Amino acid sequence: MSATVSPEELRGLFLFEDLDEDKLGWLSRCGRIEEYPADGVICPQGEAAEFFYVLLDGEIVMTQNVRGHVMEVSRTSRPGTYGGAVQAYLGDKIEQRYQHSLLASRPSRMFALPARKFAHAVREWFPMATHLLEGVFFGMTTGRRVVDQVERLTALGRITAGLTHELNNPAAAAARASDELGERLLGAQAGLADLAAEGVDCTRLSALARLGPALPRPGARRSPLEVGDAEDELGDWLEEHGVPDAWELAPRLVAAGADVERAEEVARAAGEHLPAAVRWLAEVLEVAQLQLEISEAMGRITNLLDSARQYSQLDRAGYQRTDLRELLDSTLTMLKRKIGPDVAVKTDYDPSLPPVPVFAAELNQVWTNMIVNALQAMRGSGTLTIRTGAENDHAVVEIGDTGPGIPEENLDRIFTPFFTTKSVGEGTGLGLDISWRVVVGRHGGDIRVESLPGDTRFRVLLPLTER
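Each value, and the rule that gives it
- The numbers attached to residues start from 1 for each chain and follow its sequence in the written order.
- It should be noted that, the model being predicted, local features are given only for residues of pLDDT at least 70 and side-chain atom pairs only at 80 or more, the latter also being counted only at that level, while totals for whole chains, interfaces and linings use all residues.
- Note: side-chain values were computed over all heavy atoms of the structure, leaving out hydrogens and water.
- Put simply, DSSP H or I for four residues or longer makes a helix, DSSP E for two residues or longer makes a strand, and each gets a number counted from the N terminus.
- The method behind every accessible area is Shrake-Rupley, applied with a 1.4 Å probe, and residues are considered shielded solely by the protein chains displayed.
- Following DSSP output, two strands are said to pair if at least two bridges run between them.
- Axis definition: a line fitted to C-alpha atoms, over the contacting stretch in the case of helices. Angles run 0 to 180 degrees between N-to-C directions.
- Any two residues whose heavy atoms approach within 4.5 Å are treated as being in contact.
- Think of a salt bridge as a Lys or Arg side-chain nitrogen and an Asp or Glu carboxyl oxygen that are within 4 Å of each other.
- Under the pairing criterion, centres of Phe, Tyr and Trp rings, with the six-membered ring standing for Trp, must be within 6.5 Å; the plane angle then separates stacked pairs below 30 degrees from edge-to-face pairs above 60, leaving the rest tilted.
- Throughout this description, buried means an accessible area under 20% of the type-specific maximum (1.4 Å probe, protein chains only), exposed means over 50%, and partly exposed covers the range between.
- Polar contact criterion, stated in full: a pair of N or O atoms within 3.5 Å, where within protein one must be able to donate a hydrogen and the other to accept it, and residues adjacent in sequence count only if both atoms are side-chain atoms.
- Confidence scores here are pLDDT values: one per residue, from the predictor, ranging 0 to 100.
- When an angle is under 35 degrees it counts as roughly parallel; over 145 it counts as roughly antiparallel; between 65 and 115 it counts as roughly perpendicular; any other value is oblique.
- A clockwise turn of the near helix away from the far one marks a right-handed crossing, whereas an anticlockwise turn of less than a right angle marks a left-handed crossing.
- By definition, no residue in a patch forms a salt bridge, and every one has over 30% relative accessible area; like charges are joined within 9 Å, nonpolar side chains (Val, Leu, Ile, Met, Phe, Trp, Tyr) within 5 Å.
- When charges are counted, neither His nor the chain ends are considered; positive counts come from Lys and Arg and negative counts from Asp and Glu.
- Where a charge lies is defined by one atom per residue type: Lys uses NZ, Arg uses CZ, Asp uses CG and Glu uses CD.
- What we call a nonpolar core is a set of buried Ala, Val, Leu, Ile, Met, Phe, Trp, Tyr and Cys residues that are connected through their side-chain atoms within 4.5 Å.

**Focus on the overall build of the protein chain**
The number of helices and strands found in the protein chain is 12 helices and 14 strands. For the protein chain, the exposed area adds up to about 24,400 Å²; of that, 52% sits on carbon and sulfur atoms.

**Examining the sheet that holds strand β11 (residues 382–391)**
Strand order in the open sheet made by the 5 strands is β9-β11-β12-β14-β13, with mixed pairing throughout. Every other strand in the sheet has two partners, leaving β9 (343–348) and β13 (446–452) as the edge strands with one partner each. On average, each strand axis in the sheet is tilted by 15° relative to the strand beside it, whichever way the strands run. The sheet contact formed by β13 and strand β14 (residues 455–463) spans 7 bridges and is antiparallel. Each bridged residue has a counterpart across the sheet, and for Ile-447 the counterpart in β14 is Val-460. Contacting β9, β11, β12 (394–401), β13 and β14, helix α11 (residues 360–378) crosses the sheet at an angle of about 25° to β12.

**Focus on the pattern of salt bridges**
Opposite charge on two side chains permits pairing when their charged atoms draw close. Taken as a whole and judged by the stated rule, the model has 17 salt bridges. Where Arg-11 meets Glu-21, a salt bridge forms, and the shortest distance between an N and an O atom there is 2.0 Å. A residue pair is termed long-range when its members are at least 10 positions apart, and Arg-11 in helix α1 (residues 7–11) and Glu-21 in helix α2 (residues 21–30) qualify at 10 residues. For Glu-72, the salt bridge is made with Arg-75, and the minimal N-O distance between the two is 2.9 Å. Through salt bridges with shared partners, one network takes in Arg-387, Glu-391, Glu-398, Asp-446, Arg-448 and Arg-459.

**Considerations on the packing of aromatic side chains**
According to the stated counting rule, one finds 6 aromatic pairs in the structure shown. Ring geometry for Trp-26 versus Trp-125: centroids 5.4 Å apart, planes at 75°, classification edge-to-face. Residue Trp-26 is located in helix α2, and its partner Trp-125 is located in helix α3 (residues 115–125); the two are separated by 99 residues in the primary sequence. A centroid spacing of 6.0 Å and a plane angle of 40° characterise the contact between Phe-51 and Tyr-53, whose relative ring orientation is tilted.

**Here's the deal with the pairing of β11**
On a regular strand, one side chain projects to one face of the sheet and the next to the other, so that they alternate. When β9 meets β11, the two strands line up parallel, connected through 6 bridges. Bridge pairing in β11 places Val-343 opposite Gly-382. The sheet contact formed by β11 and β12 spans 7 bridges and is antiparallel. Each residue of the ladder has a partner; that of Thr-385, found in β12, is Gly-400.

**Details of the side chain of Ser-101**
On the secondary structure map, Ser-101 appears in strand β7 (residues 101–114). Exposure remark for Ser-101: the relative accessible area of 13% places this residue in the buried category. Engagement of the side chain of Ser-101 in a polar contact is seen with the backbone nitrogen of Gln-45, the distance being 2.8 Å. If we skip the residues at most four places from it in the chain, Ser-101 touches Cys-43, Pro-44, Gln-45, Val-61, Met-62 and Thr-63.

**Side note on α2**
For α2, the complete set of buried residues consists of Leu-24, Gly-25, Trp-26, Leu-27, Ser-28 and Cys-30. Residues of α2 that are buried make contact with α1, β2 (32–36), β7 and α3. Taking the backbone nitrogen of Asp-22 as reference, a side-chain oxygen 3.2 Å away marks Asp-20 as the first, capping residue of α2.

**Concerning the environment of Ala-119**
If you trace the backbone, Ala-119 turns up in helix α3. Sequence spacing of Ala-119 and Phe-52 is 67 residues, and the spatial spacing of their C-alpha atoms is 9.4 Å.

**Focus: the confidence of the model for the protein chain**
Per-residue confidence for the protein chain gives a mean pLDDT of 80; residues scoring 70 or more make up 79%. Per-element mean pLDDT across the protein chain ranges from 62 in helix α5 (residues 202–214) up to 95 in β12. A low-confidence stretch, residues 423–429 (pLDDT under 50), is modelled with 10 contacts involving residues beyond four sequence positions or located in other chains.

**Looking at the packing of helix α6 (residues 224–240) against helix α7 (residues 246–255)**
Axis separation between α6 and α7 bottoms out at 8 Å; the angle between their running directions is 130°. As summarised for this structure, α6 and α7 are arranged oblique, according to the angle between their axes. The way α6 lies across α7 gives a crossing that is right-handed. Residues Val-227, Ala-230, Glu-231, Asp-232, Leu-234, Gly-235, Asp-236, Leu-238 and Glu-239 of α6 form the contact with α7, whose own contacting residues are Ala-246, Trp-247, Leu-249, Ala-250, Pro-251, Leu-253 and Val-254.

**So, a negative patch on the surface**
A contiguous patch of negative charge, built from Glu-226, Asp-229, Asp-232, Glu-233, Asp-236, Glu-239, Glu-240, Asp-259, Glu-261 and Glu-264, is present on the exposed surface. Listing elements by their share of the negative patch, those giving two or more residues are α6 and α8 (260–270). Looking at the negative patch element by element, the count peaks at 7 residues for α6. Using a relative accessible area of 44% as the deciding quantity, one classes Glu-226 as partly exposed.

**With respect to the nonpolar core**
In terms of nonpolar packing, the biggest core is built from 39 residues, with Leu-10, Phe-16, Leu-27, Ile-42, Tyr-53 and Phe-111 touching the most fellow members. Of all the secondary-structure elements, those providing two or more residues to this core are α2, β2, β3 (41–43), β4 (51–66), β7 and α3. Apart from the residues lying within four places of it in its own chain, the contact partners of Tyr-53 are Tyr-36, Ile-42, Cys-43, Thr-81, Tyr-82, Gly-83, Gly-84, Tyr-98, Leu-102, Met-110, Phe-111 and Ala-112. Residues Leu-335, Val-343, Ile-386 and Val-460 belong to the second largest nonpolar core, which totals 37 residues.

**Some words on a nonpolar patch on the surface**
Where nonpolar side chains cluster on the molecular surface, the patch consists of Phe-14, Leu-15 and Tyr-82 and spans about 240 Å² of accessible area. With respect to the helices, strands and loops of the structure, Leu-15 is situated in the loop between α1 and α2. Judged by relative accessible area, Leu-15 falls into the partly exposed class, the value being 31%.

Set out below in structure tokens:
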């Protein structure tokens, strides 16, 4: 059923209350009344935007489909509430499609104005407002895109700087150990030549050669006091057995895992050639120790590169089932340099949580934004907590900090583009907006925030099933 709406009824709507009689009459002639039953679809998201709708009476619900997940944006029974072709005044400068769906939650009457008529009215009746609205729309879109790129590049710079710093330490250790290794190999060869020159027979040489690799590696880390006691004990033993430079050799032997018991084994194998055997053995053990240091340094580099590859997801499909724990751990590795010594990191991963279908590289950007925000809130001291679990049909990632908390008046604004509580130049206000768009827009999930002084938690919900 269609009918026209009277100018008097239009004047009673807050949207049109300031229009004069001529404009109200024009609207009355150009538009019509459309009636919808409960659960009736007024306009579906994604279809060509043909009408601008205004609620006359009843109740309507605005929904938005985000990657297959339908979310209710608002629900109202206030006459004058509008939706549909709200950007028709932009004309062909943008693709004119409904950006949301309108549904009647109970029998409702709507004033339907053709989109081209609505666009004509806005441009003709409010020319200055039209230019301002166009400027705001395109300016915000362009600005958001530019700052979005800056935010991503800034995050990439932080990660790159941290990774470079982390790689430099093991690389420098490996280079130092490699330089020393050459010297120690020459020393070991010279020690072996000294043993031969002293006339050590083949049987004793064979026993000594087998003894070196058989010595245990250094065990659990010892305190400086324990190391000092071990060096004193071994130094006394070497000195008593007539080994020259006993106090120079003892620290090298202890660092390689030797003690008095091992020294006695060397004495039994070397006999009267103990001094030369101890010097040779010290060189051999240091060679093994340096090889171990190089191996550990290269392992650390490999682990860092694996974390970087996991973080960037360069060698993986964009959308696939992924272990969230791996993503979180790789992000923590990339941000290790930003986590100060006074920040404790606690992780509590649910081992039963299955792999989740996600865009992994984009989610790593979400974790980066949230963890960096938490670290900044704590100002170098506190506890960063990361948990995973399941809730209904969603995976849950919770990132918490012990900072001062988010003021209640800001909780509803933190995901708003360009909103930031940081000083000028310290933040773009897009980190959480990007996170929202990745979680909600790309994954059909949700982000919830709970905040009290000393306890702020961001809870990210991601569907466990593909959409």
